[in-house]
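# Coordinates in review
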Amino acid sequence: MAGVVVIGAGLAGLRAAESLRQNGYQGSLTIVGDEEHGPYNRPPLSKDLLRGAVSEESCRFDTAGLDATWLLGRSAVRLDVAGRRVTLDDGSRLGYERLLVATGCRPRPWPAPVPSAGVHMLRSLDDARRLRRAARESRRAVIVGGGFIGCEIAATLRELGLEVVLLDTAEQLITPLGPELGRRARTWHEDAGVAVHLGVRVERFLGGARVSGVRLADGRVFDADLVVIGIGAVPNTEWLAGSGLRLESGGVLCDERCLAAGAPEIGVVGDIAARPDPWTGQPRRVEHWTNAVDTAITAATNLFAGAGAGVVHRSIPTFWTDQYHYKLKAVGWPAAADNVSVVADEPGRQRLVAEFHRAGQLVAAATVNDHRAHLRYRRRLADVATRPERLPLSA
């Protein structure tokens, strides 16, 4: 057979390939990526790289020591599970003994036509290059989407001196973390001079070939020479339709070992891995940096382990966002909570700690400018993650 093929040359694909080598795999290793660039770190794209505080080179991962064949600027278009073959966009086919699927997500497109110039989305290094150039030539920006990416871009553009308007259909920013943290985030942006409008709907983008503004459904118009759309992500799984893999929750259904359901010769990692949620037992995807790393290590460890062997994925979801001088970190499962309470609040130090509980049990925590508290909660929640019998709704 033709060894291991990794589809996806981002963080998840790279860490899976590295883990295979570290675990002693010495066979053929081929990594396919749809970008011309090798693997790079995405979080700086909306912050330090966009602001010009770091270089592109500093964002690139070192791959010099990895013994692999790289096929960059190529994408997979079809998978034949039974025949163990992947078809690429140029018609060529790759056979495999084992396969790792790490194709990630792409930005959710606006559901209607938009002007061809001045409207941006951010996911890739090339997207960041275009947005950075546009920011240098713009004065007024409108950000559509108040999630993590939208808030980060709004903060960065405001720090670059642009007038910024931030819009969202939701009644709060960063919805997954609840109303109190959403209210705090709104304050951060408004104190910095961002005009935040929530519970609003964009009717259309104005302008001909180049955007000139945004009209809301209530008739209000915001002038803009730069618009950024950040309304979520779409898993890159269309190429797997008809392959024999089970697609659930937009991703590929896999077990607790990060191996595809019904196809244990295939590991599924990163954003597209739909694993059993420990609180409900239902498949759920996690789109965070740490999840890409953790699932990659788990899948690579289990890929050659054999039936019933290997390790179970029990890592704790962890994510963070930097906005202005606020560093918000969260750990655990906020969506599982039925109660959120602020347990520490020091405005003078711009410090905040919030706990998320379900049926009285701690399930998540969020901290602002308090790394030590974040680490303490990671240790506390690690006990829950590694002992599934402590999960009240565990399947």
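Up top is the structure these notes are about.
This one's a predicted model, so the numbers in the text were calculated from it and none came from an experiment. (Residues numbered from 1 in each chain as written. Predicted model: local features only at pLDDT ≥ 70, side-chain atom pairs only at ≥ 80, totals over all residues. Heavy atoms only, no water.)

Okay, the sheet that holds strand 4 (residues 76-80) next. Sheet architecture is open: three strands sit in the order 4-5-6, paired in antiparallel fashion. The sheet is open, and its two borders are formed by strand 4 and strand 6 (93-95), each paired with just one other strand. When strand polarity is set aside, the average angle formed by the axes of neighbouring strands in this sheet is 20 degrees. Sheet topology places strand 5 (residues 85-88) next to strand 6; three bridges connect them, and they run antiparallel. In the sheet register, V86 faces strand 6, and the bridge partner there is L94. (Pairing = 2+ DSSP bridges. Helix = DSSP H or I, 4+ residues; strand = E, 2+ residues; numbered from the N terminus. Axes fitted to C-alpha atoms, helices over the stretch in contact; angles between N-to-C directions.)

A separate point is the pattern of salt bridges. Summed over all chains, the structure comprises 32 salt bridges. Measuring nitrogen to oxygen at the nearest pair gives 4.0 Å for the salt bridge that ties R74 to D89. Of the two residues, R74 is situated in the loop between strand 3 (69-72) and strand 4 and D89 in the loop between strand 5 and strand 6; the sequence distance between them amounts to 15 residues. Taking the relative accessible area as the measure of exposure, R74 reaches 22% and is therefore partly exposed. (Salt bridge = Lys/Arg side-chain N within 4 Å of Asp/Glu carboxyl O. Buried < 20%, exposed > 50% of the residue type's maximum accessible area, 1.4 Å probe, protein only.)

Overall, mixed pairing links the six strands, which are arranged 3-2-1-7-21-20 in an open sheet. Each edge of the open sheet carries a strand with a single partner, namely strand 3 and strand 20 (259-260). Across two bridges, the pairing between strand 20 and strand 21 (residues 263-268) is antiparallel. The residue of strand 21 that forms the bridge with A260 is A263. Its contacts with the sheet place helix 1 (residues 11-22) against strand 1 (4-7), strand 2 (29-33), strand 3 and strand 7 (98-101), and it is angled at close to 175 degrees to strand 2. (Contact = heavy atoms within 4.5 Å.)

As a packed pair, helix 1 and helix 7 (residues 289-302) sit with axes 8 Å apart at the nearest point and diverge in direction by 35 degrees. Our pair here, helix 1 against helix 7, has a crossing hand that is right-handed. Residue-level contacts link L11, A12, R15, A16, S19 and L20 of helix 1 to W289, A292, V293, A296, I297 and A300 of helix 7. Grouping the amino acids of the contact of helix 1 with helix 7 by side-chain chemistry returns 10 nonpolar, one polar and one charged. (Left-handed = near helix turned anticlockwise from the far one by under 90°. Nonpolar A, V, L, I, M, F, W, Y, C, P; charged D, E, K, R; others polar.)

This paragraph deals with helix 1. The first and last C-alpha atoms of helix 1 sit 16 Å apart over 12 residues, in line with the 16 Å expected at 1.5 Å per residue. Buried residues dominate helix 1, accounting for 10 of its 12 residues. Listing the buried residues of helix 1 in full gives L11, A12, G13, L14, A16, A17, E18, S19, L20 and R21. Where helix 1 is buried, its residues contact strand 1, strand 2, strand 3, strand 7 and helix 7. A positive backbone phi angle near 100 degrees is found at G24, which sits one or two residues after helix 1. (Expected span 1.5 Å × (residues − 1).)

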